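Here are the chains, one letter per residue:
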Amino acid sequence: MIKKRKLPLVLCVAILLHSCISKKYINTSTSPTEISSLDYFEPYAYIHLIEKGNKPRLNDSLSMVSTKRIDSVLISQNKKFRIKNKIVVSSKKIEQIVENEFNFLIQSVVKKRKLANIPLTPTIDSILEARNQRFALGIIGTGFGRKKGNYGGQVAKGVAVGVLTLGLFAPIPIKSNLTLYAIIVDSQKNEVTFYNNTNPIEKPPTDPVNIEKQLYKLFDSYLFLK
């Protein structure tokens, strides 16, 4: 049985408000040209399913599918993203620590709104040093989908509210969405060298075409030019 994970608060807020603004932070002490190759850690996805009562619940199946499809794009487009190897952590305990550390780093950047004075976390750093790898990439995806029939019901409710309020208030439900967060760490300088996130896109969080487009947006004008 897959153990359910708790979605970090800052990412949960972004999902609930649907108003996350894309924000890129670059550490100017490191030129993008220095990143000749990247190792990357297993992506993490926290995808909710909205069911009865319009309440979201973290869904293991959707999260797993999104994770695999993010991973698939990174592998298939490895040259474009300067990716060399995938870092596979054999220990489940250490894997959980790495996941928590990436969440912590992203939350730190979002909270401070800058990369300065955010040191690399110990476990990620030790893994990279053991591999003699300077740069590594972490990707986190958040979003939600709806159970079949839920969206139509919410649209009907929105129309009903619009009629009752004479059109002054008619909530339009979002069918589904996906936001990607990316962070590149530098074990040599013990710091975060790049951060970016996409705006939530109203597309299924497991759509491979949408995932690929969002990954391109994350690194456009940094790792490559379109």
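The coordinates are above.
Here's a quick rundown of the structure. Please read these numbers as outputs of a predicted model, since none were measured by experiment. (Residues numbered from 1 in each chain as written. Predicted model: local features only at pLDDT ≥ 70, side-chain atom pairs only at ≥ 80, totals over all residues. Heavy atoms only, no water.)

1. Digging into the overall build of the chain
Check the secondary structure of the chain and you find 6 helices and 8 strands. Reading the helices (α) and strands (β) of the chain from amino to carboxyl end gives α-β-β-β-β-α-β-α-α-β-α-β-β-α. Burial statistics for the chain: of 226 residues in total, 46% are counted as buried. Summarising the internal contacts of the chain: among those between residues at least 6 apart in sequence, 77% fall at separations of at least 24. Working note: accessible area of the chain is about 12200 Å², and carbon and sulfur atoms make up 58% of it. (Helix = DSSP H or I, 4+ residues; strand = E, 2+ residues; numbered from the N terminus. Buried < 20%, exposed > 50% of the residue type's maximum accessible area, 1.4 Å probe, protein only. Contact = heavy atoms within 4.5 Å. Areas by Shrake-Rupley, 256 points an atom, 1.4 Å probe, with all protein chains shown as cover.)

2. Re helix H2 (residues 60-76)
What sets the pattern is the α-helix's 3.6 residues per turn: residues three or four places apart point alike. Over its 17 residues, H2 extends 24 Å from the first C-alpha to the last, a length consistent with the 24 Å expected when each residue adds 1.5 Å. Residues of H2 that are buried: Asp60, Ser63, Ser66, Thr67, Ile70, Asp71, Val73 and Leu74. Down the axis of H2, the buried set is contained in an arc of 160°. They therefore lie on one face. With respect to the buried face of H2, the exposed residues turned more than 90 degrees away are Ser61 and Lys68. The N-cap of H2, judged by a side-chain oxygen 3.1 Å from the amide nitrogen of serine 61 a few residues on, is asparagine 59. (Expected span 1.5 Å × (residues − 1). Arc of directions from axis to C-beta. Polar contact = N/O pair within 3.5 Å; in protein donor to acceptor, adjacent residues only side chain to side chain.)

3. What about the environment of lysine 79?
Assignment of secondary structure puts lysine 79 in the loop between H2 and strand E5 (83-87). Residue class for lysine 79 comes out exposed when judged on its relative accessible area of 76%. Put simply, lysine 79 and leucine 38 are 41 residues apart on the chain and 10.0 Å apart in space, counted from C-alpha to C-alpha.

4. Side note on the pairing of strand E6 (residues 135-146)
Of all 12 residues making up E6, 12 are buried, and the element is well covered by its neighbours. Two strands pair when backbone bridges link them, and strand E2 (residues 38-41) and E6 are joined in this way by 2 bridges, in the parallel orientation. By the bridge assignment, tyrosine 40 is partnered in E6 with leucine 137. Pairing of strand E3 (residues 44-50) with E6 involves 7 bridges; the strand directions are parallel. When the bridges of E6 are listed, isoleucine 50 appears paired with arginine 146. Sheet analysis places E6 next to strand E7 (residues 177-186), joined by 10 bridges and oriented antiparallel. Residue isoleucine 140 lies in a different strand from E7, and its bridge partner there is tyrosine 181. (Pairing = 2+ DSSP bridges.)

5. A few points about the pairing of E7
Across the 10 residues of E7, 10 count as buried, placing the element largely inside the fold. Here E7 shows a buried face lined by Asn177, Thr179, Tyr181, Ile183 and Val185 and a second buried face lined by Leu178, Leu180, Ala182, Ile184 and Asp186. Inspection of the sheet shows E7 paired to strand E8 (residues 191-197) by 6 bridges, in the antiparallel sense. Looking at the pairing, alanine 182 lines up with asparagine 196 of E8. Connecting E7 to the next strand, E8, in antiparallel fashion are 4 residues, including asparagine 190 with a positive phi near 55°.

6. What to know about the pattern of salt bridges
One pass over the structure, following the stated rule, counts 6 salt bridges. Notably, a salt bridge pairs arginine 134 with glutamate 34, separated by 3.3 Å at the nearest N-O pair. Remark: glutamate 34 occurs in the loop between strand E1 (25-26) and E2 and arginine 134 occurs in the loop between helix H4 (122-130) and E6; sequence separation between them is 100 residues. For arginine 134, a relative accessible area of 19% puts it in the buried group. Since its relative accessible area comes to 34%, glutamate 34 is described here as partly exposed. Salt-bridge contacts for glutamate 42 lead to lysine 86; the nearest nitrogen and oxygen are separated by 2.6 Å. Of this pair, glutamate 42 sits in the loop between E2 and E3 while lysine 86 sits in strand E5; the two residues are 44 residues apart in sequence, bridging distant segments of the chain. On the basis of relative accessibility, which here comes to 27%, the residue glutamate 42 falls in the partly exposed class. Residues participating in the shared-partner salt-bridge network are Glu34, Arg134 and Asp186. (Salt bridge = Lys/Arg side-chain N within 4 Å of Asp/Glu carboxyl O.)

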